[in-house]
Amino acid sequence: QKCLLPCTALSVVKILEQCPGCYDANKPVGRKLEGKVITVINRSEIVGRPLAAMLANDGAIVYSVDINSIYKFTGGRLHPCPEETPESCVRKSSVIVTGVPTKAYRLPTEWIQPNSTVVNVASPMSW
């Protein structure tokens, strides 16, 4: 079935497909990110929300972090996570995507685990 995908979200998926340790090419379609925890910071309609859904559709557990809430995408469902913090989500993630369009935002690097992949899709550097 054909559909339109936002180009920035799709480009992040394509980047992650090429990053060692992110996508597992030996797994079937829909499970290539199985076992991965990913945090997407910023739930915009253009990047954050569609990207979180795309990554979850590939089998990842995805935390979608926005200014006032955190949701977890898993198993085709969206679950509110009032007990989580941005720090707790990032610390358990092997992939972090930031898309906060302001120079004031900085992702604290001490939250990022060794060997994690970080992708920034906002104009200003945010880590």
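What you see is a predicted model; the values in this text were computed from it and never measured.

**Points about the overall build of the protein chain**
- Looking only at helices and strands, the protein chain features three helices and six strands.
- Reading the protein chain from its N terminus to its C terminus gives the helix and strand order α-β-α-β-β-β-α-β-β.
- Against the compact-globule benchmark of 14 Å for 127 residues, the protein chain has a radius of gyration of 14 Å, which places it among compact chains.
- Projected onto its principal axes, the C-alpha coordinates of the protein chain cover approximately 40 × 30 × 30 Å.
- Across the 127 residues in the protein chain, those meeting the buried criterion constitute 39%.
- Residue pairs at least 24 apart in sequence account for 45% of intrachain contacts in the protein chain once pairs closer than 6 positions are excluded.
- As presented, the protein chain carries roughly 7400 Å² of accessible surface, and 56% of it is formed by carbon and sulfur atoms.
- Each charge sign in the protein chain was given a centre, from 14 positive and 10 negative side chains, and these centres are 4 Å apart.

**What about the sheet that holds strand S1 (residues 37-41)?**
- Spatial ordering of the open sheet is given by S4-S3-S2-S1-S5-S6, a layout of six strands whose pairing is mixed. This sheet does not close on itself; its edge strands, each paired only once, are strand S4 (77-80) and strand S6 (117-120). Direction aside, the axes of adjacent strands within the sheet are offset by 20 degrees on average.
- The sheet contact formed by strand S5 (residues 95-98) and S6 spans four bridges and is parallel. Its bridge partner being in S6, valine 97 is matched across the sheet by valine 119.
- Each of S1, strand S2 (61-66), strand S3 (69-74) and S5 touches helix H2 (residues 48-57); the most contacted strand, S1, lies at about 170 degrees to it.

**Section: the state of the cysteines**
- Applying the stated criterion across every chain, the model contains zero disulfides.
- Free of any disulfide, cysteine 81 has its nearest cysteine sulfur in cysteine 89, 6.7 Å distant.
- Residue cysteine 81 is classed as buried on the basis of its relative accessible area of 5%.
- Given the relative accessible area of 0%, cysteine 89 is considered buried.

**Some details on the pattern of salt bridges**
- In this structure the tally under the stated criterion is six salt bridges.
- Of the charged contacts, one joins glutamate 17 and lysine 14 as a salt bridge, the two residues approaching to 3.5 Å between their closest N and O atoms. Linking glutamate 17 with lysine 14, this pair stays in helix H1 (residues 7-18), spanning three residues, or about one helical turn.
- For glutamate 45, the salt bridge identified is with arginine 49, shortest N-O distance 2.8 Å.
- Assessed through its relative accessible area of 57%, glutamate 45 is described here as exposed.
- A single network of salt bridges, built from pairs that share partners, joins Lys27, Arg31 and Glu34.

**Details of the side chain of arginine 43**
- Positionally, arginine 43 belongs in the loop between S1 and H2.
- Buried charge without a partner: arginine 43 forms no salt bridge, and the closest opposite charge is aspartate 66, 4.1 Å away.
- A polar contact of 2.8 Å, which involves the side chain of arginine 43, links it to the side chain of serine 64.
- The residues contacting arginine 43, other than those within four sequence positions of it, are Gly48, Arg49, Ser64, Val65, Asp66, Ser69, Ile70 and Tyr71.

Thresholds, definitions, all that
Residues numbered from 1 in each chain as written. Predicted model: local features only at pLDDT ≥ 70, side-chain atom pairs only at ≥ 80, totals over all residues. Heavy atoms only, no water. Helix = DSSP H or I, 4+ residues; strand = E, 2+ residues; numbered from the N terminus. Rg over C-alpha atoms; globule rule 2.2 N^0.38 Å. Buried < 20%, exposed > 50% of the residue type's maximum accessible area, 1.4 Å probe, protein only. Contact = heavy atoms within 4.5 Å. Areas by Shrake-Rupley, 256 points an atom, 1.4 Å probe, with all protein chains shown as cover. Lys, Arg positive; Asp, Glu negative; His and termini not counted. Charge placed at Lys NZ, Arg CZ, Asp CG, Glu CD. Pairing = 2+ DSSP bridges. Axes fitted to C-alpha atoms, helices over the stretch in contact; angles between N-to-C directions. Disulfide = S-S within 2.5 Å. Salt bridge = Lys/Arg side-chain N within 4 Å of Asp/Glu carboxyl O. Polar contact = N/O pair within 3.5 Å; in protein donor to acceptor, adjacent residues only side chain to side chain.

Honestly, it's all geometry; don't read function into it.
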